[in-house]
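For reference, the chains in residue letters:
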Amino acid sequence: FIMARTRRRKKRTHLSDGDGGRSTSSKNLSSTSASASSRERKVPTSLVALRGPLAHSLLPELSEDLKKMLLPHTLSNLRTRRSNTLKDFVQVTGPLGVSHMVLLSATSAASYMRIVRTPHGPTVTFKIESYALTRDVVSVQRRPRAPSHAFTHPPLVVLHGFKTKPEDEDGEAVSLASVTLQNMFPAIDVRSARLHECRRVLCCSYDRETKRIQLRHYAITCKPVGASKAISNFLGKDAGGAGDGKLPDLSKYGDVSEAVAGVFGGYGSESEADEDARVILPQDYPDDATSSARRMAGKAGYNRRGEQSAVKVHELGPRLEMSIMKVEEGVCSGTVLFHQYISKTEEEAQELEERKMAASELKAQRKAEQEANVAAKQAARDAKKREKAARRSGGSGGGGGSRGGVLPAGTGR
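Because the structure is predicted, anything quoted here is derived from the model rather than measured.

Further remarks concern the overall build of the protein. Helix and strand counts for the protein stand at 11 helices and 13 strands. By the burial criterion, 32% of the 413 residues in the protein qualify as buried. Nonlocal contacts in the protein, meaning residues at least 24 apart in sequence, comprise 70% of its contacts between residues at least 6 apart. Carbon and sulfur atoms provide 51% of the accessible area of the protein, an area that totals close to 26100 Å².

The following block contains the structure:
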């Protein structure tokens, strides 16, 4: 799906609903957006886009990593153009059912990420202090794991450190940022949640001293406790293992201990974990079959319900470290609720509010004057048309007889 640029149209205040049909398409689009936004969104959907020339050259990989992190409820196939404006993105949010926009921008000083709640805001602007792409995270891992089936369900969101104190200046901004990050993903009902859908986790932690937010993206793996990797592969699916259940050749071993040490690699278990990481699963959970060949061959085992299993996480990427820079009331506009570098007194805020109210009143006054002028011009044109019609009807009635009558005396031959 390619998002086209919005065509600029002239807007006339004197045009009615049936004048030429020139405003029909814009009205249909606005009505579609209104109907879509009025519906209750059960599943939040995100749109990730780049804004500005530097963002297209510096942040394209980060944009793709964020799209993958937000899967499956994101417009991953949406292709944008550099000429697309903010108005273009806002207009497509309604028909496409987008609830959040993630806009990446960059300047010569820093990079920024804005999370916009559509259609009426608010907008939270983060300054990206540092980030690491998915390929950077994978490159430093000894055994990277990125199972494709983990992206079929949204990640779990874990928030830490976002509880603020009443004396914190940025308490409201931090609370709003935590709510925004949490609402980007669908809510989970613990009573009806299915365990096999919990494949990823997004950890968001806030450091009160540095005032920075850390984002980490992990994949969840689960393996039975008490069996090594070799023994688990040897065991069949019914026994909780991942293998096909075929017996190896034990004729060259004289004792069972030699077979265990030689074939199965000893008793040391690679799935052993700390006591805190061992849990009793309330439901069956598929084993981590990262290889597509293993999954197609049906060699992915199961962690049985009621048995003890070890839960591990493996980082997928990307990593983000950012700080809250600004919070706006509307969609990238409106009253500034918080700013990291600029603070205003109550008098300055009141003066700014009065200035905005005066500007809005002046705009309404000018619009009323324009409508009055357009109505006066239209009335003058209508009066002129009526005068012309009256002259035509009067001239045709008075001069019709002289043309076909008798000529005056002295003019005939």
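Let's pick the thread back up.
Inspection of the secondary structure puts Val 137 in helix α5 (residues 134-139). With relative accessibility at 3%, the residue Val 137 sits in the buried group. The spacing of Val 137 and Gly 317 is 180 residues in sequence and 5.9 Å in space, taken between C-alpha atoms. For Val 137, the residues in contact, after removing those within four places along its chain, are Ala 132, Glu 315, Leu 316, Gly 317 and Arg 319.

Turning our eyes to something else, we now look at the side chain of Ser 46. Mapped onto the elements of the fold, Ser 46 is located in strand β1 (residues 46-51). Its relative accessible area of 1% is what places Ser 46 among the buried residues. Apart from residues lying up to four places away in sequence, Ser 46 is in contact with Leu 70, His 73, Thr 74, Leu 75, Val 98, His 100 and Met 184.

Glancing now at helix α4 (residues 86-96). Along α4, the positions that sit buried rather than exposed are Asp 88, Phe 89, Val 92, Thr 93 and Gly 94. Downstream of α4 by a residue or two, Gly 97 has a phi angle that is positive, lying close to 70 degrees.

Pairing of side chains with opposite charge becomes possible as their charged atoms draw close. Applying the stated criterion to the full structure yields 10 salt bridges. Measuring nitrogen to oxygen at the nearest pair gives 3.8 Å for the salt bridge that ties Lys 67 to Glu 64. One end of the pair is Lys 67 and the other is Glu 64, both in helix α3 (residues 60-69) and 3 residues apart, which spans about a single turn. When its relative accessible area of 46% is taken as the criterion, Glu 64 is described as partly exposed.

Moving on, we come to a positive patch on the surface. Residues Lys 384, Lys 388, Arg 391 and Arg 392 make up a contiguous surface patch of positive charge. With relative accessibility at 52%, the residue Lys 384 sits in the exposed group.

Here we come to the confidence of the model for the protein. In this model, the protein carries an average pLDDT of 78, and 71% of its residues clear a pLDDT of 70 or more. This model gives residues 237-242 a pLDDT under 50, and the stretch forms 19 contacts once residues within four places in sequence are excluded. For the stretch residues 400-404, pLDDT sits under 50, and the model shows 0 contacts to residues farther than four places along the chain or on other chains.

Quick look at the side chain of His 217 now. Among the structural elements, His 217 can be located in strand β7 (residues 212-224). Relative accessible area serves as the criterion here: at 1%, His 217 is assigned to the buried category. For His 217, the side chain forms a polar contact with the side chain of Arg 200, separated by 3.1 Å. A polar contact is formed between the side chain of His 217 and the backbone oxygen of Gly 317, at a distance of 3.0 Å. Setting aside residues up to four positions removed in sequence, His 217 forms contacts with Met 69, Phe 151, Arg 200, Val 201, Leu 202, His 314, Glu 315, Leu 316, Gly 317 and Pro 318.

The next subject is unusual backbone geometry. The linkage connecting Gly 121 with the following residue, Pro 122, adopts the cis geometry, with an omega of 10 degrees. Within the secondary structure, Pro 122 is located in the loop between β3 (111-117) and β4 (123-132). Positive phi outside glycine occurs at Cys 332, with the angle close to 55 degrees. Tracing the chain through its elements places Cys 332 in the loop between β12 (319-328) and β13 (336-339). Using a relative accessible area of 16% as the deciding quantity, one classes Cys 332 as buried.

Looking now at the pairing of strand β11 (residues 308-315). Of the strand pairs in this sheet, β7 and β11 are connected by 7 bridges, and their pairing is antiparallel. By the bridge assignment for β11, Tyr 218 is matched with Glu 315. Pairing geometry for strand β8 (residues 278-280) and β11, over 3 bridges, is antiparallel. Bridge pairing in β11 links Ile 280 to Gln 308.

Thresholds applied
- Residues numbered from 1 in each chain as written.
- Predicted model: local features only at pLDDT ≥ 70, side-chain atom pairs only at ≥ 80, totals over all residues.
- Heavy atoms only, no water.
- Helix = DSSP H or I, 4+ residues; strand = E, 2+ residues; numbered from the N terminus.
- Buried < 20%, exposed > 50% of the residue type's maximum accessible area, 1.4 Å probe, protein only.
- Contact = heavy atoms within 4.5 Å.
- Areas by Shrake-Rupley, 256 points an atom, 1.4 Å probe, with all protein chains shown as cover.
- Salt bridge = Lys/Arg side-chain N within 4 Å of Asp/Glu carboxyl O.
- Patch = residues over 30% accessible without salt bridge, like charges linked within 9 Å, V, L, I, M, F, W, Y side chains within 5 Å.
- Lys, Arg positive; Asp, Glu negative; His and termini not counted.
- Charge placed at Lys NZ, Arg CZ, Asp CG, Glu CD.
- pLDDT = per-residue confidence, 0-100.
- Polar contact = N/O pair within 3.5 Å; in protein donor to acceptor, adjacent residues only side chain to side chain.
- Pairing = 2+ DSSP bridges.

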